[in-house]
Amino acid sequence: MTTPIISTESLVKTFGATPALDGLDLDVVPGEVHGFLGPNGAGKSTTIRVLLGLIKATSGNVSLFGKDPWQNAVALHSRLAYVPGDVALWPNMTGGETIDFLANLRGGLDETKRKELVEKFDFDPSKRGRTYSKGNRQKVAIIAALASNAELLVLDEPTSGLDPLMESVFQAEIRAVRAEGRTVLLSTHILSEAEELADRISIIRDGRIVESGTLAQMRYHSMTTVRATLPESQIFDDSLDFLQDVTIDGNSFSGLISNDALPQGLRRLSDLKVQSLTVAPPSLEDLFQKHYEGPDGQATR
């Protein structure tokens, strides 16, 4: 079995009497983009601060490249690049100077790649930090990270402040990073971003991982939505008993079906002479909401 680059076991972090992490178990293996999902306050940033050695865990085990990040922060930081969700820059340094400074902290960067990224992100490196918008401040950290040779990229809401075009550029660059065999921990609350990029996903709630796996694995254990239209309205009796939460509207109906029952359900649907049929697996948003909805269907923390 591949040794994880990031590993936490029963990780706990409290601030006074307030628990931020409550037994968090997380593994990130080499070469994957791992989506780390949860709303603000779920514990994502606290986890990252522990991994970076910025704060010490209260209890539990945590390792980065097989070492304790609290004891070995300096050595470990030479092997990773970090992009926070709100980048603060030195006000009198230019963006280009800041990129180079950050790169020198971990042994330099690929100058050709740096130039390419500056062009792709439509970034002006000659301006001083105090003049940049939030999106451009994010670009400084993103370019510095992507142009480095870091084995691990730790990204905490990296696209905060970027416009949709720049988000597309970012996603293309993360795919390139993965193709190079590097590893990415992508902490985000933008579900479409994780759905597009992540090889595996971990959902955090109240400082614990509540579900983890590939999107296909997570979908398999959830319900698939079926929608169909018939030639004309009819009385269904028990003909839809293979579906759950059925809704009928004239000659159309919809419902939920488990993946195990789907083959038999499709055979039953063929007997109904459907005119149109849509079978939609749950989206990542559906899977996420399953862990963040109360019994009344309202979002909870």
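Refer to the structure presented above.
None of these values were measured; they are calculated from a predicted model.

This paragraph deals with the overall build of the protein chain. The number of helices and strands found in the protein chain is 10 helices and 13 strands. In terms of principal-axis extent, the alpha carbons of the protein chain reach across some 75 × 45 × 35 Å. Counting the 301 residues in the protein chain, one finds 46% classified as buried. Of all intrachain contacts in the protein chain linking residues separated by at least 6 positions in sequence, the fraction that spans at least 24 positions is 68%.

In this structure, Thr-183 sits in strand S7 (residues 183-188). Placed 30 residues apart in sequence, Thr-183 and Leu-153 show a C-alpha to C-alpha distance of 6.3 Å. Other than its neighbours up to four places away in sequence, Thr-183 contacts Ile-5, Val-28, Val-29, Pro-30, Gly-31, Glu-32, Glu-151, Leu-152 and Leu-153. For Thr-183, the side chain forms a polar contact with the main-chain nitrogen of Gly-31, separated by 2.8 Å.

Turning our eyes to something else, we now look at the sheet that holds strand S1 (residues 6-15). Strand order in the open sheet made by the three strands is S2-S1-S4, with antiparallel pairing throughout. Sheet topology places strand S2 (18-28) and strand S4 (59-64) at the edges, where each strand pairs with a single neighbour. Within this sheet the neighbouring strands show an average axis-to-axis angle of 25 degrees, counted without direction. Here eight bridges tie S1 to S2, and the two strands are oriented antiparallel to one another.

Taken together, Asp-110, Glu-111, Glu-116 and Glu-119 make up a surface patch of like negative charges. In this structure, Asp-110 sits in the loop between helix H3 (95-105) and helix H4 (111-120). The class for Asp-110 is partly exposed, based on a relative accessible area of 42%.

Moving on to the pattern of salt bridges. Where charged atoms of side chains with opposite charge meet at close range, the side chains can pair. Tallying each qualifying case throughout the model produces 14 salt bridges. Residue Arg-79 is joined to Glu-151 by a salt bridge in which the shortest nitrogen-to-oxygen separation is 2.8 Å. Pair noted here: Arg-79 is in the loop between helix H2 (73-77) and strand S5 (80-83) and Glu-151 is in the loop between helix H5 (134-146) and strand S6 (152-156), with a separation of 72 residues, a long-range link. Salt-bridge contacts for Lys-120 lead to Glu-173; the nearest nitrogen and oxygen are separated by 2.9 Å. Remark: Glu-173 occurs in helix H6 (residues 164-179) and Lys-120 occurs in helix H4; sequence separation between them is 53 residues. Judged by its relative accessible area of 39%, Lys-120 is partly exposed. Look at Glu-173 and you get buried, because its relative accessible area is 5%. Beyond isolated ion pairs, a larger network of salt bridges with shared partners links Asp-86, Lys-134 and Arg-137.

Parameters and conventions
- Residues numbered from 1 in each chain as written.
- Predicted model: local features only at pLDDT ≥ 70, side-chain atom pairs only at ≥ 80, totals over all residues.
- Heavy atoms only, no water.
- Helix = DSSP H or I, 4+ residues; strand = E, 2+ residues; numbered from the N terminus.
- Buried < 20%, exposed > 50% of the residue type's maximum accessible area, 1.4 Å probe, protein only.
- Contact = heavy atoms within 4.5 Å.
- Polar contact = N/O pair within 3.5 Å; in protein donor to acceptor, adjacent residues only side chain to side chain.
- Pairing = 2+ DSSP bridges.
- Axes fitted to C-alpha atoms, helices over the stretch in contact; angles between N-to-C directions.
- Patch = residues over 30% accessible without salt bridge, like charges linked within 9 Å, V, L, I, M, F, W, Y side chains within 5 Å.
- Areas by Shrake-Rupley, 256 points an atom, 1.4 Å probe, with all protein chains shown as cover.
- Salt bridge = Lys/Arg side-chain N within 4 Å of Asp/Glu carboxyl O.
- Lys, Arg positive; Asp, Glu negative; His and termini not counted.
- Charge placed at Lys NZ, Arg CZ, Asp CG, Glu CD.

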